[in-house]
Amino acid sequence: MTETMMKDSFSTRSSFDVDGRSIEYFSLPKLAEAGVGNVETLPFSLKVLLENLLRTEDGVRVSSDEIKALANWDPKATPDQEIAFSVARVLLQDFTGVPAVVDLAAMRDALGDLSGDPAKINPIQPADLVIDHSVQVDHSAEPTAYQQNMEKEYERNGERYAFLRWGQKAFRNFRVVPPGTGICHQVNIEYLAGSILEREIDGSTFALPDTLVGTDSHTPMVNGLGVVGWGVGGIEAEAAMLGQPISMLIPQVVGVELTGKLPAGATATDLVLTITDLLRKTGVVGKFVEFFGEGLSRLAVTDRTTISNMSPEFGCTVSIFPIDEKTLEYLRFTGRDEKHVRMVEAYCKAQGMFRTDDSPAPRFTQVVKLDLGSVVPTIAGPKRPQDKIEVSSAQKAWKSTLEQMVPDANRRSAQAKVGQNGSSFDLTHGDVVIAAITSCTNTSNPAVMLAAGLVAKKAHEKGLTRKPWVKTSLAPGSMVVTDYLRKAGLDKYLDALGFNLVGYGCTTCIGNSGPLAPEISQAIADEKLVATSVLSGNRNFEGRISQDVRANYLASPPLVVAYAIAGTMDTSLDTEPIGTDKDGKDVYLKDIWPTQEEVQTVLAEAVDSEMYRSEYSRVFEGDEKWRSMPAPEGNLYEWQGDSTYIQKPPFFVGMKMEPEAVQNIEGARVLAMLGDSVTTDHISPAGAIAKDSPAARYLMAQGVEPKDFNSYGSRRGNHEVMMRGTFANIRLRNLLLPGSEGGVTRHLPDGEQMSIYDAAMKYQKEGTPLVILAGKEYGSGSSRDWAAKGTTLLGVRAVLAQSYERIHRSNLIGMGVLPLQFLEGEGIEKLGLTGEEQFTIAGIAAGLKPGMKVDVKAIGADGQTKAFQALVRIDTPNEVEYYRHGGILQYVIRQLAKS
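All values derive from a computational prediction rather than experimental measurement.

J.: What exactly am I supposed to notice about the overall build of the protein chain here?
T.: Helix and strand content of the protein chain: 31 helices and 35 strands. Compactness check: the protein chain gives a C-alpha radius of gyration of 27 Å against a globular reference of 29 Å for 899 residues, within 12% of the reference. Over its C-alpha atoms, taken along the principal directions, the protein chain stretches across nearly 80 × 75 × 55 Å. For the protein chain, with 899 residues in total, the buried portion stands at 64%.

Next up, the structure:
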């Protein structure tokens, strides 16, 4: 790909030599020599942003003043300087990627309607889409589970996959990694990411830092390779693909100093759950996190990527590890070309961006310290990844959870007799009904995967088995994992405990855990049991993992195996036997837990670079089903009116060349009044479609039987399903209906109870605008653009919350919804709001400015008025433009139509 050279106001264009080649770059040391800023002590992450500005300076989007501002960064300053960050590439997964491609197809139509050239809607920056979110665990604990689940995946998703194959042909710079290959973040770190890239600019070869945005919250996993990248909604990713820079404020950077080394018995999972707890308490939302200190030299890149993967669980934008010798080792180990690795090293050293133990500590906004030696075995749950529990205290924590979930003490001893396969067992509160080794977070780390295999081996040799009520599964993030498990001879022991391969994808972590055995599901429902799950994932939000499971715990892969054997959370793995051996003797967890030396020995013997080279040499090929699949052709997509997966979205219907004037919001009703920590899973669930939901009624009206509903995630190419699924999470608690759970509300002023979707449609017929009221951390969790798209399609004009998670706030603006924030010390309760008021929001029509305040009036049913101000959470001038145009995609279409 060829980029166009921009200005070079500070004469930083330079070159370095490697392997007899002269490669050009924009030099940070030269900027320092020119007397601009204190570049040497900038955090690594800000050096990447600074190079980006030097390379893209054009006097319009990027000015010399912005370069000076970043070079002179004040760690303690409140962010107020906007910059334009241009990423080198975009990463998509299929749940978010399909609607992104749907939008691009619809944008082509819209641009044509405005007499523009539809071909202009085409990725300028390279985009890779990995199909990884669609495989479900319908079959498990059997040798043919993988093949059967793949068959079912194609059966369910053939229409979506044919659409993606059309996109693969219709759009330039767009590649698709087919189903059954891996998880996007693991494919990214093992193959797609380069740490440093080479690009042609004005006919010369330039080196530049690898940068990206991805349509998945866990995109920061690649930060472990020194790559600056983070998760965005699909709408932002589409704009980035089309050449739009990411508008952002120069962030504050929190430094995390790591010292010491992990002790025996502790894993990378324990470390990341410890860091998640630490940084949530520190408060890093919207900030960059950067790791430094001598502890990094004892932390493998796979451990670093495990940590960076959970950046959204910390709440930060990125959590980056600078490039160092460990990074180079990992690039070589995963089969990258040796010439490329030498180029990475030469570039980083030329730029002053290569970390060693002697490197001076950068300047940070705040420094947090962690001794790696203090990490102990840890899980997190039952509802949030930041709810850290030391394994030694897990049983006590479970009992406390049970007391909260089952207030009636008499019900805490409930049991159900379950008959299964000719035998029977008692099921009770706390029993683990799902144990899943899954998710990009941990399956990308050979050390913890091999540890799981060793636990399985030792357990099997002692005659231990999983409990009969536990649904077990193994879903790695790449085919390399099964290669090294097989070479180590550990796959057969995992199989023996029911951890057979079920697919290469997110599975349980994204909510695709598949059904439990009917008799177990029925027993849970009949006795109202609080069943539990244990997974090696990154998300355990309410209603996400399984509709049958109310308490979900994150754990390392070897602990997942251990809990499958124990079969319950109501046990102390530290002090109680995990089972009995062939001779009836008690077996404890310590008896089957491998030492670090054992893990490292197997790792050295079983994992090699050729595995990575071999598997990734055919990463875009797919199986015979993929290659033989018929797909539409042509630059414009031919929409099928009877499709239940792919429909032309209504966002651009009737769009004119100039946006309509922004209006104040008058007489708005509250569609839902929500509490703290409402996640994008609550707003737009990804998992199963409940059979009594508005989405289910729509699908059945289209002739789709319940067995073929698939999931909300797989239906994201159809706005009719997704708008009906907005606020449809079975665990959503709408305070307009105290004591209720699920997507229900009251229509006002008559008070009639109905689904949120039905109420929204009734309000639309009445011409009534809507608002959402919420507490703190609104929109936390996954980067789910449908949480914003569905909100706008329901007729919501504004959200008024105490605080926002970064991505969702941005997505709301990108869809033309106004994010407002209660002033400090105020909120629903403090202001005495009931949700029954009519809201008027003034000051919008006069012209919005970043960070301004607007006047809000809430008129109660008794005529009493509560007047207060709210902060407009439109943070940059670019965001003002996006909102004024009705959304970021409308803005892009109009710019392209005029060009």
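Picking up where we left off.
J.: Would you mind showing me how to read helix H29 (residues 806–814) here?
T.: Along an α-helix, residues three or four positions apart point the same way, because every turn accommodates 3.6 residues. Of all nine residues making up H29, eight are buried, and the element is well covered by its neighbours. Listed as buried for H29 are Ile 807, His 808, Arg 809, Ser 810, Asn 811, Leu 812, Ile 813 and Gly 814.

J.: Could you clarify how one ought to interpret the sheet that holds strand S33 (residues 838–842) in this entry?
T.: Within a beta sheet, neighbouring strands are joined by backbone hydrogen bonds and run either parallel or antiparallel to one another. Taken together, seven strands build a closed barrel; the order of strands is S27-S30-S31-S32-S35-S34-S33 and the barrel is mixed. On average, each strand axis in the sheet is inclined to that of its neighbour by 35°, with strand direction left out of account. Relative to strand S31 (residues 796–801), strand S30 (residues 770–773) runs parallel, the two sharing four bridges. Bridge pairing links Val 771 to Ala 798 in S31. On top of the sheet, helix H27 (residues 756–766) reaches strand S27 (665–673) and S30; it is set at about 170° to S27, its chief contact.

J.: Help me understand the packing of helix H28 (residues 786–793) against H29, please; the structure alone is not making it clear to me.
T.: Packed helix pairs are characterised by how far apart their axes lie and by the angle those axes make with each other. Interaxial distance between H28 and H29 falls to 8 Å at its minimum, and their mutual angle equals 40°. In this view, H28 runs oblique relative to H29, as classed from their interaxial angle. Pair H28 / H29 crosses with right-handed handedness. Touching Ala 787, Ala 788 and Thr 791 of H28 are His 808, Asn 811 and Leu 812, all from H29. The residue makeup of the contact of H28 with H29, split by class, is three nonpolar, three polar and no charged.

J.: Can you help me understand the pairing of S30 in this one?
T.: The two faces of the sheet receive side chains in turn, since in a regular strand these alternate between them. Of the two faces of S30, the one lined by Leu 770 and Ile 772 and the one lined by Val 771 and Leu 773 are each fully buried. Relative to S30, S27 runs parallel, the two being bridged by four bridges. Pairing of Val 670 across the sheet is with Val 771, part of S30.

J.: Which parts of the structure should I look at to understand the pattern of salt bridges?
T.: Should the charged atoms of two oppositely charged side chains come close, the side chains can pair. Under the defined criterion, the tally for this structure stands at 53 salt bridges. We note a salt bridge from Arg 89 to Asp 210, for which the minimum N-O separation is 2.9 Å. Of this pair, Arg 89 sits in strand S5 (residues 89–93) while Asp 210 sits in the loop between strand S9 (204–209) and strand S10 (211–214), placing them 121 residues apart in sequence. There is no split in this pair, since Arg 89 and Asp 210 are both buried. One salt bridge in this structure joins Lys 762 and Asp 750, with 3.5 Å as the shortest N-O distance. With Lys 762 in helix H27 and Asp 750 in the loop between strand S28 (744–747) and strand S29 (752–755), the pair connects residues that are 12 residues apart, well separated along the chain. Given the relative accessible area of 27%, Lys 762 is considered partly exposed. The structure contains a network of salt bridges with shared partners spanning Lys 383, Glu 542, Arg 731, Arg 733 and Glu 741.

J.: Is there a simple way to explain the state of the cysteines in this structure?
T.: In protein structure, a disulfide is the covalent linkage between the sulfur atoms of two cysteines. One pass over the structure, following the stated rule, counts zero disulfides. Cysteine Cys 316 remains unbridged, with the sulfur of Cys 440 as its closest cysteine sulfur at 15 Å. Exposure remark for Cys 316: the relative accessible area of 4% places this residue in the buried category. Here Cys 440 is not cross-linked by a disulfide; its sulfur's nearest cysteine counterpart is in Cys 506, at 5.9 Å. With relative accessibility at 4%, the residue Cys 440 sits in the buried group.

J.: Please clarify how the pairing of strand S2 (residues 13–18) should be interpreted in this entry.
T.: A one-sided burial pattern is seen for S2, the buried positions being Ser 14, Phe 16 and Val 18 and the unburied ones Arg 13, Ser 15 and Asp 17. The pairing of S2 with strand S3 (residues 21–26) spans six bridges and is classified as antiparallel. Bridge pairing in S3 places Phe 16 opposite Ile 23. Here S2 hands over to S3 after two residues, with Asp 19 in that stretch at a positive phi of 55°.

J.: What am I meant to see in helix H4 (residues 94–113) here?
T.: Given a rise of 1.5 Å per residue, 20 residues ought to cover 28 Å, and the 28 Å separating the end C-alpha atoms of H4 matches this to within 8%. For H4, a buried count of 18 out of 20 residues is recorded, marking the element as mostly surrounded by other parts of the structure. For H4, the N-terminal capping position is held by Gln 93, with its side-chain oxygen 2.7 Å away from the main-chain nitrogen of Phe 95. A positive backbone phi angle near 65° is found at Ser 115, which sits one or two residues after H4.

J.: What is the right way to read the sheet that holds S5 from this model?
T.: Read from one edge of the open sheet, five strands run S7-S6-S5-S10-S11, paired in parallel fashion. Lying at the two open borders of the sheet, with one neighbouring strand each, are strand S7 (174–177) and strand S11 (228–231). The sheet shows a mean angle of 20° between the axes of neighbouring strands, direction not considered. Strand direction decides the pairing type here: S10 and S11, joined by four bridges, are parallel. For Leu 212, the partnering residue across the bridge sits in S11 and is Gly 229. Where helix H6 (residues 184–192) meets the sheet, its contacts fall on S5, strand S6 (127–130), S7 and S10, and the angle it forms with S5 comes to roughly 145°.

J.: How should I be thinking about the environment of Pro 377 in this particular structure?
T.: Relative to the assigned elements, Pro 377 resides in the loop between strand S16 (366–371) and strand S17 (378–380). The spatial distance from the C-alpha of Pro 377 to the C-alpha of Glu 151 is 38 Å, given a sequence separation of 226 residues. Leave out the neighbours within four places in its chain, and Pro 377 touches Gly 265, Asp 270, Glu 390 and Val 391.

J.: I tried to follow the environment of Ala 661 on my own but got confused; where do I start?
T.: By the secondary structure assignment, Ala 661 is in the loop between helix H23 (624–628) and S27. Residue Ala 661 is classed as exposed on the basis of its relative accessible area, which comes to 59%. Taking the C-alpha atoms as reference points, Ala 661 and Leu 554, separated by 107 residues in sequence, lie 48 Å from one another.

J.: Sorry if this is basic, but what is going on with unusual backbone geometry here?
T.: Generally, phi is negative for residues other than glycine and the peptide bonds are trans, each holding for most cases. Of note, the bond from Gly 381 into Pro 382 is cis; its omega dihedral lies within 30 degrees of zero at 10°. Position of Pro 382 relative to the elements: it lies in the loop between S17 and strand S18 (388–390). We note that Lys 528 has phi near 50°; this positive angle belongs to a residue other than glycine. Examined against the element boundaries, Lys 528 turns out to sit in the loop between helix H18 (518–527) and strand S23 (531–535).

J.: When you look at the environment of Gly 255 in this model, what are you seeing that I'm missing?
T.: Positionally, Gly 255 belongs in strand S13 (residues 253–259). By relative accessible area, which is 0% here, Gly 255 ends up buried. Taking the C-alpha atoms as reference points, Gly 255 and Val 480, 225 residues apart in sequence, are found 33 Å from one another.

J.: I tried to follow the packing of aromatic side chains on my own but got confused; where do I start?
T.: In this description, a pair of aromatic rings is defined by centroid distance and the angle of the planes. Counted by the stated rule, this structure contains 26 aromatic pairs. When the centroid spacing of 5.6 Å and the interplanar angle of 25° are considered together, the rings of Phe 163 and Trp 166 count as stacked. Placement of both Phe 163 and Trp 166 in helix H5 (residues 145–170) is noted, with a separation of three residues, approximately one turn of the helix. The same class applies to Phe 163 and to Trp 166, which are both buried. Here the aromatic rings of Tyr 191 and Phe 620 are separated by 6.4 Å at their centres, their planes lie at 65°, and the arrangement is edge-to-face. With Tyr 191 in helix H6 and Phe 620 in the loop between helix H22 (609–616) and H23, this residue pair connects regions lying 429 residues apart in the sequence. An aromatic cluster is present here, built from Phe 163, Trp 166, Phe 171, Phe 174, Tyr 637 and Trp 639 joined pairwise through their rings. Over the ring of Phe 354 we find Lys 349; its NZ or CZ atom is 5.0 Å from the centre of that ring.

Calculation notes
Residues numbered from 1 in each chain as written. Predicted model: local features only at pLDDT ≥ 70, side-chain atom pairs only at ≥ 80, totals over all residues. Heavy atoms only, no water. Helix = DSSP H or I, 4+ residues; strand = E, 2+ residues; numbered from the N terminus. Rg over C-alpha atoms; globule rule 2.2 N^0.38 Å. Buried < 20%, exposed > 50% of the residue type's maximum accessible area, 1.4 Å probe, protein only. Pairing = 2+ DSSP bridges. Axes fitted to C-alpha atoms, helices over the stretch in contact; angles between N-to-C directions. Contact = heavy atoms within 4.5 Å. Parallel < 35°, antiparallel > 145°, perpendicular 65-115°, else oblique. Left-handed = near helix turned anticlockwise from the far one by under 90°. Nonpolar A, V, L, I, M, F, W, Y, C, P; charged D, E, K, R; others polar. Salt bridge = Lys/Arg side-chain N within 4 Å of Asp/Glu carboxyl O. Disulfide = S-S within 2.5 Å. Expected span 1.5 Å × (residues − 1). Polar contact = N/O pair within 3.5 Å; in protein donor to acceptor, adjacent residues only side chain to side chain. Phe/Tyr/Trp six-rings, centres within 6.5 Å; stacked < 30°, edge-to-face > 60°. Lys NZ or Arg CZ within 6 Å of the ring centre and 35° of its normal.

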